[in-house]
Amino acid sequence: MDIVSKMLMKLVRRLDPEDAHRLALNALMLGLGSGAGQDDPALSVRTMGLRFPNPIGIAAGFDKNAQVIRPLARIGFGFVEAGTVTPLAQEGNPRPRLFRLTEDRAIINRMGFNNQGIDRFTVRMARLHRLPAKGNGTGARVPVGANLGINKNGADPERDYPRLVGRVKHYVDYIVLNLSSPNTPGLRDLQQADRLKAILEAIGEAHPDRPPLLVKLAPDLARDDLEPVIEAVIAGGAQGVTVTNTTISRPDGLRSPHAAEAGGLSGRPLRPLATAVLRDVAQIAAGRLTLVACGGIETGADIVDRVRAGADLVQIYSAFAYEGPGIVRRLKRETVRALNAEGFETLADAKGSA
Ligand SMILES: Cc1cc2nc3c(=O)[nH]c(=O)nc-3n(C[C@H](O)[C@H](O)[C@H](O)COP(=O)(O)O)c2cc1C
């Protein structure tokens with residue numbers, strides 16, 4: 001990591017977490033963070049008809065308004081997911097709503113989908129779509145996803161999700177339906193199989209020309225509920241799932257004074273739960289879906305573990321918030337080493353081998 005980024009991360013850790021997030025976005029917009037260089041071909045992934053230079057994506061919620069997609073690609077992410085975006089702009093919950101659980105290397109958030117709404121999101125996506133990837137200093141082109149959600153008030157999911165898909169479908173490489181944020185009342189009920197299938201079918205009817213579609217799931221679904229959900233995802237015509245969002249559970253052993261704050265927990269304590277749910281999902285899906293693993297990933301060994309458990313791609317948020325842009329390069333280096341140590345030449349060789 002360059003010296004400016006190192007100093008910035010020191011400052012970021014001292015600020016209120018939400019102010020720190022805003023500073024990080026501004027720094028990225030200004031072009032801070034060193035360039036990534038070429039990725040090792042052993043890390044490249046092909047799935048959903050797309051090519052990813054490496055399997056590490058930035059998870060939804062970091063770039064809610066699609067403001068720093070190219071800068072995130074420039075620091076080395078293999079794909080970027082913007083959002084969650086809702087039909088109308090909304091403020092989200094009152095502050096404080098974001099807490100660092102430093103002792104636990106974790107975060108609790110109850111942001112509540114604060115975002116500028118689909119109109120501004122789409123303007124940025126359209127502009128990005130037209131810009132050449134290289135030659136203007138904005139960095140590499142990698143697959144870009146839009147993560148979609150619904151407003152807290154006045155939502156009609158069967159109407160809103162198809163409309164949102166229609167707004168972004170020409171500009172993005174894939175789309176994620178977020179049905180798993182714990183901070184929008186009623187949202188997680190949409191994971192119920194019948195409801196989910198109805199929403200997916202409404203999207204399929206209105207937009208047969210849509211890009212690949214994924215559903216982001218909560219880690220708090222019971223094992224018995226997972227099977228109907230995964231079958232509904234497949235029957236509804238979606239291509240994949242992201243496992244997982246934040247958890248409303250509070251694993252034993254949390255030490256931070258913020259551990260009892262309401263909201264979704266992410267970071268290191270989420271790792272065992274997110275990994276267990278991934279294993280279950282991989283078993284149920286049996287190769288029929290693309291799996292994006294998320295939750296508590298912070299080392300190359302974590303990445304190889306998830307790939308061995310069946311993941312095609314991975315995403316990070318909390319570890320990036322703690323460590324800053326240098327983590328992307330570290331994770332890629334460690335992943336190549338972990339692959340070699342386990343006797344694999346490429347990520348593709350490791351997939352599903354656990
Ligand atoms: C501050 C914050 C905001 C988030 N906002 C969103 C969001 O808008 N949409 C979403 O799908 N997930 C959101 N997430 C969840 C992350 O995308 C990710 O699923 C979760 O944090 C687990 O990954 P991690 O342990 O690497 O952080 C958010 C997470 C955090 C910490």
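So, a few notes on the structure that sits alongside this text. Everything numeric in this text was worked out from a predicted model, so none of it was measured. (Residues numbered from 1 in each chain as written. Predicted model: local features only at pLDDT ≥ 70, side-chain atom pairs only at ≥ 80, totals over all residues. Heavy atoms only, no water.)

1. Quick look at the overall build of the protein
Counted only if it meets this: By definition, any uninterrupted DSSP run of H or I lasting at least four residues is a helix, any uninterrupted run of E lasting at least two residues is a strand, and each is numbered from the N terminus. In this treatment the radius of gyration is a C-alpha quantity, and the globule benchmark scales as 2.2 Å times the residue count to the 0.38 power. Contacts: residue pairs with any heavy atoms within 4.5 Å of one another. Method for areas: the Shrake-Rupley scheme with a 1.4 Å probe, in which residue coverage is limited to the protein chains shown. When charges are counted, neither His nor the chain ends are considered; positive counts come from Lys and Arg and negative counts from Asp and Glu. Taken as the charge centre is NZ of Lys, CZ of Arg, CG of Asp or CD of Glu, depending on the residue.
Each helix and strand counted, the protein has 12 helices and 13 strands in total. The C-alpha atoms of the protein give a radius of gyration of 19 Å, which matches the 20 Å a tight globule of 354 residues would have. Seen through its principal axes, the protein has C-alpha atoms that stretch 50 × 50 × 45 Å. Contacts in the protein between residues far apart in sequence, at least 24 positions, make up 73% of those at least 6 positions apart. Carbon and sulfur atoms form 51% of the exposed surface of the protein, whose accessible area is close to 14,800 Å². In the protein, 46 positive and 38 negative side-chain charges are present, and the distance between their average locations comes to 7 Å.

2. As for the pattern of salt bridges
As a reminder of what qualifies: Think of a salt bridge as a Lys or Arg side-chain nitrogen and an Asp or Glu carboxyl oxygen that are within 4 Å of each other. The buried label goes to any residue with under 20% of its type's maximum accessible area, the exposed label to any with over 50%, and the partly exposed label to all in between, with areas taken from a 1.4 Å probe on protein chains only.
Within the structure shown, the criterion is met by 19 salt bridges. Between Arg-95 and Asp-16 there is a salt bridge, and its shortest N-O distance comes to 2.9 Å. Of this pair, Arg-95 sits in the loop between strand 4 (79-85) and strand 5 (98-101) while Asp-16 sits in the loop between helix 1 (3-14) and helix 2 (17-29), and the two are 79 residues apart along the sequence. Judged by relative accessible area, Arg-95 falls into the partly exposed class, the value being 41%. Of the charged contacts in the structure, one is a salt bridge between Arg-95 and Asp-19, with a shortest N-O distance of 3.0 Å. Of this pair, Arg-95 sits in the loop between strand 4 and strand 5 while Asp-19 sits in helix 2; the two residues are 76 residues apart in sequence, bridging distant segments of the chain. A cluster of three or more residues bridged by salt bridges with shared partners is formed by Asp-16, Glu-18, Asp-19, Arg-95 and Arg-97.

3. Thoughts on the packing of helix 7 (residues 223-235) against helix 8 (residues 271-285)
Under the convention used in this document: Lines are fitted to the C-alpha atoms to define the axes, a helix being fitted only along its stretch in contact, and any angle between axes, read from their N-to-C directions, falls within 0 to 180 degrees. Any angle from 65 to 115 degrees is called roughly perpendicular, while one under 35 is roughly parallel, one over 145 is roughly antiparallel, and all others are oblique. With the far helix as reference, a near helix turned anticlockwise by less than a right angle produces a left-handed crossing, and one turned clockwise produces a right-handed crossing. Nonpolar residues are Ala, Val, Leu, Ile, Met, Phe, Trp, Tyr, Cys and Pro. Charged residues are Asp, Glu, Lys and Arg, and all others, Gly as well, are polar.
Interhelical geometry of helix 7 versus helix 8 gives an angle of 45° and a closest axis separation of 10 Å. Looking at the two axes, helix 7 sits oblique to helix 8. When you trace helix 7 past helix 8, the crossing you get is right-handed. Across the interface between the two elements, Arg-223, Leu-226, Glu-227, Ile-230 and Glu-231 from helix 7 touch Val-277, Asp-280, Val-281, Gln-283, Ile-284 and Ala-285 from helix 8. Residue classes in the contact of helix 7 with helix 8 are distributed as 6 nonpolar, 1 polar and 4 charged.

4. A word on the sheet that holds strand 5
Strand-to-strand pairing in sheets goes through backbone hydrogen bonds, with the strands running parallel or antiparallel. How we decide: Between any two strands, at least two bridges found by DSSP are needed for them to pair.
What the 3 strands build is an open sheet, ordered 5-6-11; its pairing is antiparallel. Of all strands in the sheet, those with a lone pairing partner are strand 5 and strand 11 (264-267), marking the two edges. Along the sheet, successive strands turn relative to each other by an average axial angle of 20°, direction set aside. Relative to strand 6 (residues 106-109), strand 5 runs antiparallel, the two sharing 4 bridges. Each residue of the ladder has a partner; that of Leu-101, found in strand 6, is Ala-106.

5. Digging into the site of the ligand
Formally: Near is defined per residue: the residue qualifies when any heavy atom it owns lies within 4 Å of the molecule or strand. Residues adjacent in sequence count toward polar contacts only when both atoms are side-chain atoms; beyond that, a polar contact is any pair of N or O atoms within 3.5 Å, and within protein one must be able to donate a hydrogen and the other to accept it.
Close to the ligand lie 23 residues, the nearest being Ala-60, Thr-84, Lys-216, Gly-296 and Ser-318. Between Lys-64 and the ligand, the recorded distance is 3.0 Å, taken from a side-chain N or O atom to an oxygen atom. Contact distances for the ligand include 2.6 Å between an oxygen atom and a side-chain N or O atom of Ser-318. Burial of the ligand by the surrounding chains reaches 97%, relative to a free accessible area of 610 Å².

6. Here's the deal with the packing of aromatic side chains
Applicable threshold: Two rings from Phe, Tyr or Trp (for Trp, the six-membered ring) form a pair when their centres sit within 6.5 Å of each other. Planes less than 30 degrees apart are called stacked, planes more than 60 degrees apart edge-to-face, and all others tilted.
Under the definition given, this model contains 5 aromatic pairs. When the centroid spacing of 5.2 Å and the interplanar angle of 85° are considered together, the rings of Phe-52 and Phe-79 count as edge-to-face. One end of the pair, Phe-52, is in strand 2 (residues 50-52); the other, Phe-79, is in strand 4, with 27 residues separating them in the sequence. The exposure class assigned to Phe-79 is buried, which follows from its relative accessible area of 1%. The rings of Phe-62, Phe-77, Tyr-317 and Phe-320 are connected pair by pair, giving a single aromatic cluster.

7. Comments concerning the packing of helix 9 (residues 300-308) against helix 11 (residues 326-341)
Any two packed helices are characterised by the angle at which their axes cross and by the distance between the axes. For the pair helix 9 and helix 11, interaxial distance at closest approach is 7 Å and the crossing angle is 60°. Taken together, helix 9 and helix 11 sit at an angle that is classed as oblique. Crossing angle aside, the handedness with which helix 9 passes helix 11 is right-handed. In this structure, helix 9 uses Gly-300, Ala-301, Ile-303 and Val-304 to contact helix 11, whose residues at the interface are Leu-331, Glu-334, Thr-335, Ala-338 and Leu-339. Here the residues of the contact of helix 9 with helix 11 sort into 6 nonpolar, 2 polar and 1 charged.

8. So, unusual backbone geometry
Across the junction of Arg-95 and Pro-96, the peptide omega takes the value 0°, indicating a cis bond. Each neighbour pair has its own omega, and for Val-243 with Thr-244 the value is 15°, a cis peptide bond. Along the chain, Thr-244 turns up in the loop between strand 10 (240-243) and strand 11. Although it is not a glycine, Met-48 adopts a positive phi angle of roughly 55°. Position of Met-48 relative to the elements: it lies in the loop between strand 1 (45-47) and strand 2. A positive phi angle, near 55°, is found at Phe-113, a position not held by glycine.

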